[in-house]
Amino acid sequence: MKFDPASSVQDTLHLDPATMGVNHPISDSATFAFDTGDDMLACFHGEKQAFLYARHWNPTNFEFSKALAAMEGTEAAWVTGSGMGAITSALLQLLNAGDHIITSVTTYGGTYAFLKNWVVKYGIEVSFVNISNLEEVEKAVKPNTKVIYTETMTNPMLQISDVPALSKIAKKAGAKLVVDNTFTPMIFSPIKLGADIVVYSMTKFINGKNDTTAGAICGSMDYINSLIDLNDGTAMLLGPVLDPLRASSIHKNLFTLHIRMKQHSKNALYLAERFSENNIPVNYPGLETNKQHQLMKSQMNEEFGFGGMIAIDLKTVENANKFMHIMQERGVGYLAVSLGYFKTLFSNSGKSTSSEVPENVQKEMGMSEGLVRYSVGLDNDIERTWDIIKECLTEIGFI
Ligand SMILES: *Cc1c(COP(=O)(O)O)cnc(C)c1O
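Right, let's walk through the structure included here. (Residues numbered from 1 in each chain as written. Predicted model: local features only at pLDDT ≥ 70, side-chain atom pairs only at ≥ 80, totals over all residues. Heavy atoms only, no water.)

## Some thoughts on the overall build of the protein
Right, on to step 1. In terms of helices and strands, the protein carries 15 helices and 12 strands.
Right, on to step 2. Relative to the compact-globule value of 21 Å for 399 residues, the protein shows a C-alpha radius of gyration of 22 Å, a close match.
Right, on to step 3. Considering only C-alpha atoms, the protein reaches an extent of 75 × 55 × 40 Å along its principal axes.
Right, on to step 4. Across the 399 residues in the protein, those meeting the buried criterion constitute 57%.
Right, on to step 5. Taking the intrachain contacts of the protein between residues at least 6 apart in sequence as the baseline, contacts between residues at least 24 apart amount to 70%.
Right, on to step 6. Averaging the coordinates of the 33 positive side-chain charges in the protein and doing the same for the 43 negative ones gives two points 4 Å apart. (Helix = DSSP H or I, 4+ residues; strand = E, 2+ residues; numbered from the N terminus. Rg over C-alpha atoms; globule rule 2.2 N^0.38 Å. Buried < 20%, exposed > 50% of the residue type's maximum accessible area, 1.4 Å probe, protein only. Contact = heavy atoms within 4.5 Å. Lys, Arg positive; Asp, Glu negative; His and termini not counted. Charge placed at Lys NZ, Arg CZ, Asp CG, Glu CD.)

Here's what the structure looks like:
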């Protein structure tokens, strides 16, 4: 039977056994008591399962993590206070001094900066590759390669990773394949395609409200337990845990994610088609003419569409800035970083979310300085939105 991430999430719903409440009480405790000192010691030694301290586990994060694990089809998950908290903990758990990681050169700017500038301080080797060039990935493998890292849909080039092929390369190398699925929750189920670990910035589509930052790590029970091991777990010792008040609120938003993703995708496809008809260079993997279209189709859970992200190319920063300014004035959306919000957000990637990536590397990736990245919102009437965008394009002389 086909894997259905939305039904898997829904199947985790259950009443709170203590109160019969439809939602669960929010855990308001940082520490948890034990009957006896022996019980507490047994918990420290991992011989007894109990809530001990909220940096490790608390009931609210535990419930939420089960729903996220169900969405990905993993044994377990753990939630963090930001996407970077998830990515850095997930990777540092797998990498020791002297180890090697292969990463897509097109990743989120913060991830790029972490791998370019930060991990090298601890003697971890990094190779940046064009993740679509499987030969290049294979050639980059070394005896000390421990991780291959990519984003299912990369930021901001919307490049689609061939997860099954990368999984084969990782297995052969004895490395773990870690995938950031932030742009495409539910659309891709990377674990089902062969990934070992999935990470998220839940700040984006999963929460969908832009009221907080949060992240998640999904993987095997052994791996998640290793992350929060009291003696040497990266997440336990660096302490990026998500606050339960936020966990409770994001958990509830997870149950509308499937509907939101469908609407983001529907609106994005509509706009991408209009841009294309009007000869504006547009990158959207949902367009049949897009060179990533077939690769995306072969991996996706089709009912959720091709996602809410679009990139158009206006050639120069000046054009991009002028265009974004008038779009904001006319109410199309906001000139802001981030994505997965109910209102459309747009930004010029080279001068914002990818500004950590040096200009020559941006050029190598094929990133135009006039690239405007859209996170298309949940507009009920996207035709009305297009009419305004068209006016703005006319005003800057592009139509
Ligand atoms: C935003 C983002 C991150 C970082 O997440 P934060 O919640 O901002 O820490 C990582 N990966 C991708 C693809 C993102 O879009």
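## Comments concerning the packing of helix 11 (residues 257-277) against helix 15 (residues 382-395)
Right, on to step 1. For the pair helix 11 and helix 15, interaxial distance at closest approach is 10 Å and the crossing angle is 35 degrees. Handedness of the helix 11/helix 15 crossing: right-handed. Across from Asn267, Tyr270, Leu271, Arg274 and Phe275 in helix 11, the residues of helix 15 making contact are Ile382, Glu383, Trp386, Ile389 and Leu393.
Right, on to step 2. A breakdown of the residues in the contact of helix 11 with helix 15 according to their chemical character gives 7 nonpolar, 1 polar and 2 charged. (Axes fitted to C-alpha atoms, helices over the stretch in contact; angles between N-to-C directions. Left-handed = near helix turned anticlockwise from the far one by under 90°. Nonpolar A, V, L, I, M, F, W, Y, C, P; charged D, E, K, R; others polar.)

## Things to note about the packing of aromatic side chains
Right, on to step 1. On inspection of all chains with the given rule, the structure shows 10 aromatic pairs.
Right, on to step 2. Here tryptophan 57 and phenylalanine 62 contribute two aromatic rings whose centre-to-centre distance is 5.1 Å and whose plane-to-plane angle is 85 degrees, an arrangement assigned as edge-to-face.
Right, on to step 3. Classification of tryptophan 57 as buried rests on a relative accessible area of 12%.
Right, on to step 4. Over the ring of tyrosine 270 we find arginine 274; its NZ or CZ atom is 4.5 Å from the centre of that ring.
Right, on to step 5. It is lysine 343 that lies over the ring of tyrosine 334; its NZ or CZ is 5.9 Å from the centre. (Phe/Tyr/Trp six-rings, centres within 6.5 Å; stacked < 30°, edge-to-face > 60°. Lys NZ or Arg CZ within 6 Å of the ring centre and 35° of its normal.)

## What about the environment of methionine 157?
Right, on to step 1. Mapped onto the elements, methionine 157 comes out in the loop between strand 4 (145-151) and helix 7 (163-173).
Right, on to step 2. Along the backbone, methionine 157 and aspartate 381 are 224 residues apart, and their C-alpha atoms lie at a distance of 27 Å.
Right, on to step 3. Beyond its immediate stretch of four places on either side in the chain, methionine 157 contacts Thr106, Asn283, Met365, Gly366, Met367 and Leu371.

## Examining the sheet that holds strand 10 (residues 333-335)
Right, on to step 1. Taken in spatial order, the 5 strands line up as 8-9-12-11-10 in an open sheet, and their pairing is mixed. Of all strands in the sheet, those bounded by a partner on one side alone are strand 8 (282-283) and strand 10.
Right, on to step 2. As judged from the 2 bridges shared by strand 8 and strand 9 (residues 309-313), these two strands associate in the antiparallel manner. Across the sheet, asparagine 283 pairs through a bridge with alanine 311, a residue of strand 9. (Pairing = 2+ DSSP bridges.)

## Some words on the sheet that holds strand 2 (residues 100-104)
Right, on to step 1. The 7 strands lie next to each other as 1-7-6-5-4-2-3, forming an open sheet whose pairing is mixed. One side of each edge strand has no neighbouring strand; the edge strands of this open sheet are strand 1 (76-80) and strand 3 (125-129). Recorded for the sheet is a direction-independent mean angle of 20 degrees between the axes of neighbouring strands.
Right, on to step 2. The sheet contact formed by strand 5 (residues 176-180) and strand 6 (residues 197-201) spans 3 bridges and is parallel. Residue pairing across strands places valine 178 opposite isoleucine 197, the latter belonging to strand 6.
Right, on to step 3. Packing of helix 5 (residues 109-118) onto the sheet brings it into contact with strand 2, strand 3 and strand 4, and relative to strand 3 it is tilted by some 135 degrees.

## Regarding the site of the ligand
Right, on to step 1. Taken together, 14 residues surround the ligand, and among them Gly83, Met84, Asp180, Thr203 and Lys204 come closest.
Right, on to step 2. Contact between the ligand and threonine 203: an oxygen atom at 2.6 Å from a side-chain N or O atom of the residue.
Right, on to step 3. Residue lysine 204 places a side-chain N or O atom 2.7 Å away from an oxygen atom belonging to the ligand.
Right, on to step 4. Calculation on the ligand without its partners gives an accessible area of 380 Å², and the protein chains cover 92% of this total.
Right, on to step 5. Grouping the amino acids of the shell around the ligand by side-chain chemistry returns 6 nonpolar, 5 polar and 3 charged. (Near = heavy atom within 4 Å. Polar contact = N/O pair within 3.5 Å; in protein donor to acceptor, adjacent residues only side chain to side chain. Areas by Shrake-Rupley, 256 points an atom, 1.4 Å probe, with all protein chains shown as cover.)

## Regarding unusual backbone geometry
Right, on to step 1. Residue proline 156 is reached from asparagine 155 by a cis peptide bond, and omega for that bond is -5 degrees.
Right, on to step 2. Checked against the element boundaries, proline 156 lands in the loop between strand 4 and helix 7.
Right, on to step 3. Of note, methionine 20 is a non-glycine position whose phi angle comes to about 65 degrees, a positive value.
Right, on to step 4. If you trace the backbone, methionine 20 turns up in the loop between helix 1 (5-10) and helix 2 (37-44).

## A word on the nonpolar core
Right, on to step 1. Counting residues in each nonpolar core, the largest one holds 87 residues, and the members touching the most others are Leu68, Met202, Phe323, Tyr374 and Ile389.
Right, on to step 2. With 6 residues, the single largest contributor to this core is helix 11.
Right, on to step 3. Here this core spans two domains, and each of domain 1 (5-254) and domain 2 (258-395) adds at least three residues to it.
Right, on to step 4. Residues in contact with phenylalanine 323, not counting those within four places in the same chain, are Ile312, Leu314, Tyr374, Ile389, Cys392, Leu393 and Ile396. (Core = buried A, V, L, I, M, F, W, Y, C linked by side-chain atoms within 4.5 Å. Domains from an automatic or database assignment.)

## A look at the side chain of threonine 344
Right, on to step 1. By secondary structure assignment, the location of threonine 344 is in strand 11 (residues 344-348).
Right, on to step 2. Threonine 344 gets classed as buried once you look at its relative accessible area, which sits at 2%.
Right, on to step 3. At 2.9 Å, the side chain of threonine 344 forms a polar contact with the backbone nitrogen of glycine 377.
Right, on to step 4. When sequence neighbours within four positions are dropped, the list of residues in contact with threonine 344 reads Val332, Gly333, Tyr334, Tyr374, Ser375, Val376, Gly377 and Asp379.

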